[in-house]
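Listed below, chain by chain, are the residues.
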Amino acid sequence: MRTSDTGAGSLARTDPEIAGLIEAEERRERDKVRLIPSENYVSRSVLEATGSVLTNKYSEGYPGRRYYEGQQFVDQVETIAVERAKALFGAEHANVQPYSGSPCNLAVYLAFLKPGDTFMSMELAHGGHLSHGSPVSITGRYFRPVHYGVRRDTGRLDYDQARDIAKRERPKLIWAGGTAIPRTIDFEAFSEIAREAGAVFAADVAHIAGLIAGGAHPSPVGLADVVTTTTHKTLRGPRGAMFLSKAEHAKELDRSVFPGLQGGPHNHTTAAIAVALKEAAGPDFPPYARRIVENAKALAAALLERGFDLVSGGTDNHLILVDLTAKGVSGKVAAKALDRAGIELNFNTVPFDPRKPFDPSGIRLGTPAVSSRGMGAGEMRRIAGWIDDVVSAPGDEDLGARTAADVAEMCRAFPAPGILVNDEP
Ligand code: DSN
């Protein structure tokens, strides 16, 4: 017998308000060109695992060493996820329990540093991440960050500066990676800098993990002592995180995640990570990773043709950072106008930005989600044209509405993975 909260469509019956909002979000994701470089579309299989009964289960500890009974299936799920992560990235050790990217990075600090210790990372305003020592993050308050950045003349990462700072400051830990880096990261160079400084080398590959898995970006695995990543960006899994490490650091890092920072892992997320890792090991994944980069290059070229100023002059990966100063419009004004026009991206600081982070000079965009829909170079050129039109007249509401309709029309030809809602008769 069915009760009121079981069976297909139960959410629509028990909580139509939330069900309606989820359906509205599905339509929004279906009808928009989504260019936020840290976002994507997961498969229906990943969504199913995320929405499973595994959310009911507590399992503090690690497979075979839990503090609660009833782990017959959860242990298998986590072991499969760990083994798939190790195999996909060629790592000696993996841990899939961190709740998300910042807690995962915090585990690295807990394993290797004491409060007040010095570490080195990329300056947030140059493309780093909050958890790499921003003054508003616990990582900047409890430890002592020193930062490298990009060169003013090229917009590219300044490895000489990083080496000089490492020699001078002798950080205990060095981070490579960030959230707004449009160029290939030279992990060999960072490994050498860390070795010279006697520092632990940590690579945060959250943005590019899917490119690495698909062979479209060099891997730091084997060079770095620990590699952290979220699982929901280019890797196209659920919201979560994991780290990969050398075997010698496994114990300390595992202990930092549990019991150091977390209680029970989110087993529904672990299962979905396992599913995503299986997808990432499949034959469709390398072409998807290559398409992301090809699309980013096509979009960058079309924006350059239209006079946009791209930080570093272009892109090698999934991400484009545009400095709108010469266009006479702020990043925030442009991002909001583009969102009304059906093109979703985010405002972003650019290196040496004279404006404040909440209304900076740039916009950040990327191609993971549009590539997951199967869009290609022709669509990238259309998107660049729409961006140009809207950024040139951000206050023109008719233009915004017309563009949004054109965007939705184009999107209809490219079904979004995981999205079931369909208004077609
Ligand atoms: N918030 C993520 C991004 O958008 O890059 C990083 O954590």
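Just so it is clear, the model here is predicted, and its values are computed rather than measured.

Undergrad: Is there a simple way to think about the overall build of the chain in this case?
TA: Regarding its fold elements, the chain presents 16 helices and 15 strands. Taking 22 Å as the expected radius of gyration for a compact globule of 425 residues, we find that the chain reaches 22 Å, a close match to that expectation. Counting only residues that meet the buried cut, the chain has 57% of its 425 residues in that class. For the chain, the proportion of contacts with a sequence separation of at least 24, taken over those separated by at least 6, is 71%. A total accessible area of about 18,600 Å² is found for the chain, and carbon and sulfur atoms account for 52% of it.

Undergrad: Even after reading the chapter, I still don't get the packing of aromatic side chains, so can you show me in this structure?
TA: Applying the stated criterion across every chain, the model contains 11 aromatic pairs. Plain terms: the ring middles of Y62 and F258 are 6.4 Å apart, the flat faces sit at 75 degrees to each other, and that makes the pair edge-to-face. With a gap of 196 residues between them, Y62 in strand β2 (residues 61–62) and F258 in helix α10 (residues 250–261) connect regions that are remote in the sequence. What makes Y62 buried here is its relative accessible area of 8%. Note on F258: relative accessible area 12%, which makes it buried. Ring geometry for F285 versus Y288: centroids 4.9 Å apart, planes at 55 degrees, classification tilted. Linking F285 with Y288, this pair stays in helix α12 (residues 285–305), spanning 3 residues, or about one helical turn. In this pair, the class of F285 matches that of Y288, namely buried. Through successive ring pairs, a cluster of aromatic residues spans Y109, F119, F143 and W175.

Undergrad: Sorry, what's going on with a nonpolar patch on the surface here?
TA: Where nonpolar side chains cluster on the molecular surface, the patch consists of L11, I18, L21 and I22 and spans about 350 Å² of accessible area. For the nonpolar patch, the element with the highest residue contribution is helix α2 (residues 16–31), accounting for 3 residues. The topology assignment puts I18 in helix α2. Judged by relative accessible area, I18 falls into the partly exposed class, the value being 39%.

Undergrad: Where do I start with helix α11 (residues 267–280) in this structure?
TA: Here α11 spans 20 Å end to end across 14 residues, near enough to the 20 Å set by a 1.5 Å rise per residue. Within α11, 11 of the 14 residues are buried, leaving the element largely enclosed by the surrounding structure. Those residues of α11 lying buried are N267, H268, T269, T270, A271, A272, I273, A274, A276, L277 and A280. Tucked into the core, α11 has its buried residues touching α3 (44–50), α4 (74–89), β10 (241–245) and α12.

Undergrad: Which parts of the structure should I look at to understand the site of the ligand?
TA: Close contacts around the ligand come from S38, H129, T179, H207, K233 and R364, and that covers them all. In the environment of the ligand, an oxygen atom lies 2.7 Å from a nitrogen or oxygen atom belonging to the side chain of S38. Interatomic distance of 2.7 Å between a side-chain N/O atom of R364 and an oxygen atom of the ligand. Burial of the ligand by the protein amounts to 64% of the accessible area it has alone, namely 230 Å². Residue composition of the shell around the ligand, by class: no nonpolar, 4 polar and 2 charged.

Undergrad: Looking at this model, I keep getting lost on empty space enclosed by the protein. Mind explaining?
TA: Any empty space left between atoms is shown by rolling a water-sized probe over those atoms. On inspection of all chains with the given rule, the structure shows 1 cavity of 30 Å³ or more. Roughly 80 Å³ of volume is contained in the largest cavity. Looking at side-chain class alone, the lining of the largest cavity contains 5 nonpolar, 6 polar and 2 charged residues.

Undergrad: Hey, could you run me through the sheet that holds strand β5 (residues 118–122) in this one?
TA: Two strands in a sheet stick together by hydrogen bonds in their backbones, pointing the same way (parallel) or opposite ways (antiparallel). With mixed pairing, the 7 strands of this open sheet are ordered in space as β4-β10-β9-β8-β7-β5-β6. Where the open sheet ends on each side, the last strands, each with one partner, are β4 (93–95) and β6 (144–148). Strand-to-strand twist of the sheet, defined as the mean angle between neighbouring strand axes without regard to direction, takes the value 20 degrees. Two elements, β5 and strand β7 (residues 173–176), share 2 bridges in a ladder whose sense is parallel.

Undergrad: How should I be thinking about the nonpolar core in this particular structure?
TA: If you look at soluble globular proteins, the nonpolar side chains tend to sit buried side by side. By size, the foremost hydrophobic cluster in this structure holds 51 residues, and its most contacted members are F89, M120, I174, F190 and L235. Ranked by residues supplied to this core, first place goes to helix α8 (residues 187–197) with 6 residues. Membership of the second largest hydrophobic core comes to 36 residues, among which are V329, I343, I383 and I387.

Undergrad: Explanation requested: the sheet that holds strand β12 (residues 319–323) in the structure shown.
TA: Judged by pairing direction, the sheet is antiparallel, and its 4 strands sit side by side in the order β11-β12-β15-β14 without closing on themselves. A single partner strand is all that each edge strand has here, and the edge strands are β11 (309–310) and β14 (346–348). With 2 bridges joining them, β11 and β12 adopt antiparallel strand pairing. Bridged to L310 within β12 is V322. Packed on one face of the sheet, α12 meets β11, β12 and β15 (362–366) and runs near 20 degrees to β12.

Reading the values: rules and limits
- Along each chain, residue indices are assigned from 1 in the same order as the chain's sequence is written.
- Totals for whole chains, interfaces and linings use every residue, but because this is a predicted model, local features are given only for residues with pLDDT of at least 70 and side-chain atom pairs only at 80 or more, for both listing and counting.
- With hydrogens and water excluded, all non-hydrogen atoms of the structure serve as input to the side-chain values.
- Numbering of helices and strands starts at the N terminus; helices are DSSP runs of H or I of at least 4 residues and strands are runs of E of at least 2.
- Here the globule rule reads 2.2 Å times residues to the power 0.38, and the radius of gyration is calculated from C-alpha atoms.
- Each residue is placed in one exposure class: buried if its accessible area under a 1.4 Å probe, protein chains only, is under 20% of its type's maximum, exposed if it is over 50%, and partly exposed if it falls in between.
- By definition, residues are in contact when any of their heavy atoms lie within 4.5 Å.
- Each accessible area is a Shrake-Rupley result for a 1.4 Å probe, and residues are judged covered by the shown protein chains and nothing else.
- Only the six-membered ring of Trp is used, alongside the rings of Phe and Tyr, when aromatic pairs are assigned; centres must lie within 6.5 Å, and planes under 30 degrees apart are stacked while those over 60 apart are edge-to-face, with the rest tilted.
- Patch membership requires over 30% relative accessible area and the absence of a salt bridge. Like charges are linked within 9 Å, and nonpolar side chains (Val, Leu, Ile, Met, Phe, Trp, Tyr) within 5 Å.
- A pair is scored as a salt bridge if a Lys or Arg side-chain nitrogen falls within 4 Å of a carboxyl oxygen belonging to Asp or Glu.
- In a helix, the anticipated span is given by 1.5 Å times the number of residues less one.
- For this purpose, a residue is taken to be near a molecule or strand whenever a single non-hydrogen atom of the residue falls within 4 Å of it.
- Definition of a polar contact: a pair of N or O atoms within 3.5 Å, with one able to donate and the other able to accept a hydrogen when the atoms are protein atoms, and with sequence-neighbouring residues admitted only if both atoms are side-chain atoms.
- Three categories are distinguished: nonpolar for Ala, Val, Leu, Ile, Met, Phe, Trp, Tyr, Cys and Pro, charged for Asp, Glu, Lys and Arg, and polar for the others, with Gly belonging to the last.
- Of the two site types, the cavity is a set of points on a 1 Å grid over the protein atoms alone where a 1.4 Å probe fits but cannot get out, and the pocket is an open set with protein on both sides within 12 Å along at least five of seven lines, each lined by residues with an atom within 4 Å of a point.
- Grid points are joined across faces, edges and corners, and a volume is the space filled by probe spheres set on the points.
- Paired strands, as defined in this entry, are two strands with at least two bridges between them according to DSSP.
- Angles shown run from 0 to 180 degrees and are taken between the N-to-C directions of axes, each axis being a line fitted to C-alpha atoms and, for helices, limited to the stretch in contact.
- As used here, the term nonpolar core means buried Ala, Val, Leu, Ile, Met, Phe, Trp, Tyr and Cys residues forming a set that is joined through side-chain atoms within 4.5 Å.

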